[in-house]
Amino acid sequence: MGASDPEVAPWARGGAAGMAGAGAGAGARGGAAAGGEARARDPPPAHRAHPRHPRPAAQPSARRMDGAPGGLGSGDSAPTTEALFVALGAGVTALSHPLLYVKLLIQVGHEPMPPTLGTNVLGRKVLYLPSFFTYAKYIVQVDGKIGLFRGLSPRLMSNALSTVTRGSMKKVFPPDEMEQVSNKDDMKTSLRKVVKETSYEMMMQCVSRMLAHPLHVISMRCMVQFVGREAKYSGVLSSIGKIFKEEGLLGFFVGLIPHLLGDVVFLWGCNLLAHFINAYLVDDSVSDSPGGLGNDQNPGSQFSQALAIRSYTKFVMGIAVSMLTYPFLLVGDLMAVNNCGLQAGLPPYSPVFKSWIHCWKYLSVQGQLFRGSSLLFRRVSSGSCFALE
């Protein structure tokens, strides 16, 4: 959900409004820069540079970008853009919800179907657990197709709140435009620049995570009710009342710390790795050839290869670091449903954990810190302990 770009960072993990704000700002700066380059390459005729009639071309361009209706920098279009990204985020969340639903049931150790015998790439016989598609078919058989969307409402609200929070924070605490990484020269600047950008993104991600976490807890508990066929958490408002009555205010924030730690490690690890690789391993000379820098016929191609490599580096680093931080996600989700009165959070599915550190140690001893990370080829490990119906 990757974090290779501070403006896109836990997407993954959320933050559509952050991307909306970044896109609008980048469009305005890009338009102004493009206009300046065009004027530099094609100077006006002599009769248009009369001293009594100064050239006013730059002012209309600035007005179009800053205040004209429909411009990317228009203040009137900002709420519309934010609403558009909230709607798009809701659509993606709804489409991906069955995947997250099955993943959560696997995380809590619910295996209603027995493993099947198969062979690995070496020809050895191994036991495989049901894949995502088989698991999803089982849910449809039990609850119908609508059952694949159990717990979707609080999750939509959680993601929307996170998106709006990030967008609001960008307005209240706008990023310093001088610190934006936008071209080849900026990529070779000091480490201080990357640290500042990552710190800004970390602040937005942590605040949005804390505000949206209560709805995340409700969504998790609604979904794991499938295990014991309970109906304790049926709606957002009623769930809020139950959690506050039984667990107090802290009940809304169980599992928050591992999620925050995962977000922080994800952001810093991804951004720093991408920075060092792009700054010291990517050679800009690969584009310093005919058709590159100084070519009037194809000026836009300069450093294009280096920029493409850098963009792929960020993407790959996002995937790699997200795999390494998966245990934080697993522990946070297990703590959100642990000892809450649901069968999925009680023995034999799970011990009653005293803290998230206790949960981490237990999973580590069992060799289950990456349980649920794979949804297609799920081989039974020696430390597996799952319940069969």
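Rules used throughout
Residues numbered from 1 in each chain as written. Predicted model: local features only at pLDDT ≥ 70, side-chain atom pairs only at ≥ 80, totals over all residues. Heavy atoms only, no water. UniProt positions renumbered as here; feature names shortened; annotations may be inferred. Helix = DSSP H or I, 4+ residues; strand = E, 2+ residues; numbered from the N terminus. Buried < 20%, exposed > 50% of the residue type's maximum accessible area, 1.4 Å probe, protein only. Areas by Shrake-Rupley, 256 points an atom, 1.4 Å probe, with all protein chains shown as cover. Core = buried A, V, L, I, M, F, W, Y, C linked by side-chain atoms within 4.5 Å. Contact = heavy atoms within 4.5 Å. Pairing = 2+ DSSP bridges. Salt bridge = Lys/Arg side-chain N within 4 Å of Asp/Glu carboxyl O. pLDDT = per-residue confidence, 0-100. Phe/Tyr/Trp six-rings, centres within 6.5 Å; stacked < 30°, edge-to-face > 60°. Expected span 1.5 Å × (residues − 1). Arc of directions from axis to C-beta.

In the annotation of an unreviewed UniProt entry, the chain is listed under the name Mitochondrial carrier homolog 1 and assigned to Chinchilla lanigera. UniProt's Function (unreviewed entry) comment on the chain is quoted here verbatim: "Protein insertase that mediates insertion of transmembrane proteins into the mitochondrial outer membrane. Catalyzes insertion of proteins with alpha-helical transmembrane regions, such as signal-anchored, tail-anchored and multi-pass membrane proteins. Does not mediate insertion of beta-barrel transmembrane proteins. May play a role in apoptosis."

This next bit is on the overall build of the chain. Of the regular secondary structure elements, the chain holds 12 helices and 3 strands. Evaluated residue by residue, the chain yields a buried proportion of 40% over its 389 residues. When the accessible surface of the chain is split by element, carbon and sulfur atoms take 65% of a total near 20600 Å².

Grouped together as the largest cluster of nonpolar side chains are 40 residues, with contacts concentrated most on Val 108 and Ile 139. Residue assignment for this core shows that the elements contributing at least two residues are helix 3 (77–107), helix 4 (132–143), helix 7 (191–228), helix 11 (326–337) and helix 12 (356–366). Top contributing element to this core by residue count: helix 7, with 8 residues. Filtering out sequence-adjacent residues up to four positions away, Val 108 remains in contact with Val 224, Val 227, Leu 334, Val 337, Ala 344, Tyr 349 and Arg 371. Ranked by size, the runner-up nonpolar core spans 5 residues in total, among them Phe 266, Cys 270, Met 317 and Val 321.

Relative to strand 2 (residues 125–129), strand 1 (residues 116–119) runs antiparallel, the two sharing 4 bridges. Paired with Leu 117 across the strands is Leu 127, a residue of strand 2. Turn length for the strand 1-strand 2 hairpin, with the two strands adjacent in sequence and antiparallel, is 5 residues, and the turn residue Gly 123 shows positive phi of about 85 degrees.

On to the pattern of salt bridges, then. Scanning all chains against the criterion turns up 7 salt bridges. Among the ionic pairs, Glu 111 bridges to Arg 378, the shortest N-O distance being 2.2 Å. Residue Glu 111 is located in the loop between helix 3 and strand 1, and its partner Arg 378 is located in strand 3 (residues 378–379); the two are separated by 267 residues in the primary sequence. In this structure, Glu 111 and Arg 378 share a single accessibility class: buried. Taking the shortest distance from any N to any O, the salt bridge between Lys 232 and Glu 246 comes out at 2.8 Å. With Lys 232 in the loop between helix 7 and helix 8 (236–247) and Glu 246 in helix 8, this pair connects stretches of sequence that are 14 residues apart. Among the residues examined, Lys 232 registers a relative accessible area of 19% and is labelled buried. You can call Glu 246 partly exposed: its relative accessible area is 47%. Counted as one network, the salt bridges with shared partners bring together Asp 143, Arg 150 and Arg 229.

To continue, consider the sheet that holds strand 1. Read across the sheet, 3 strands follow the order 1-2-3 without closing on themselves; strand pairing throughout is antiparallel. Strand pairing shows two members of the sheet lacking a second neighbour, strand 1 and strand 3, which therefore form its edges. Here strand 2 runs beside strand 3; their pairing, made up of 2 bridges, is antiparallel. Across the sheet, Leu 129 pairs through a bridge with Arg 378, a residue of strand 3.

With the exception of glycine, the majority of residues adopt a negative phi angle, and the majority of peptide bonds are in the trans configuration. Here the bond from Pro 347 into Pro 348 is cis, since omega is 10 degrees, no more than 30 degrees from zero. A positive phi is found at Arg 229, a non-glycine position, where the angle reads about 55 degrees. Of note, Arg 229 is situated in the loop between helix 7 and helix 8. At Asn 339, a position not held by glycine, the phi torsion is positive, near 55 degrees. Considering the arrangement of structural elements, one finds Asn 339 in the loop between helix 11 and helix 12.

This paragraph deals with the confidence of the model for the chain. Per-residue confidence for the chain gives a mean pLDDT of 77; residues scoring 70 or more make up 68%. Element-level pLDDT for the chain is lowest in helix 2 (residues 58–66), with a mean of 38, against a maximum mean of 97 in helix 11. Counting interchain partners and residues more than four positions distant, the pLDDT-below-50 stretch residues 1–75 has 85 contacts. Note that residues 385–389 has pLDDT below 50 and, in this model, 19 contacts with residues that lie over four places away or in other chains.

This part covers the environment of Met 210. Among the structural elements, Met 210 can be located in helix 7. C-alpha of Met 210 to C-alpha of Leu 256: the two residues are 46 residues apart in sequence and 7.3 Å apart in space. Beyond its immediate stretch of four places on either side in the chain, Met 210 contacts Phe 253, Leu 256 and Leu 260.

The next point concerns the packing of aromatic side chains. Tallied over the entire structure, the rule returns 7 aromatic pairs. Among the aromatic residues, those joined into a cluster by ring pairs are Tyr 101, Tyr 138 and Phe 226.

The end-to-end C-alpha distance of helix 8, which contains 12 residues, comes to 16 Å, matching closely the 16 Å that a straight helix rising 1.5 Å per residue would cover. Within the span of helix 8, buried status applies to Val 236, Ser 239 and Ile 243. Summarising the axial view, the buried residues of helix 8 lie within an arc of 60 degrees, below the 170-degree limit, and thus occupy one face. In helix 8, those exposed residues whose orientation departs by more than 90 degrees from the buried face are Leu 237, Phe 244 and Lys 245. Buried residues along helix 8 sit in contact with helix 5 (152–172) and helix 7.

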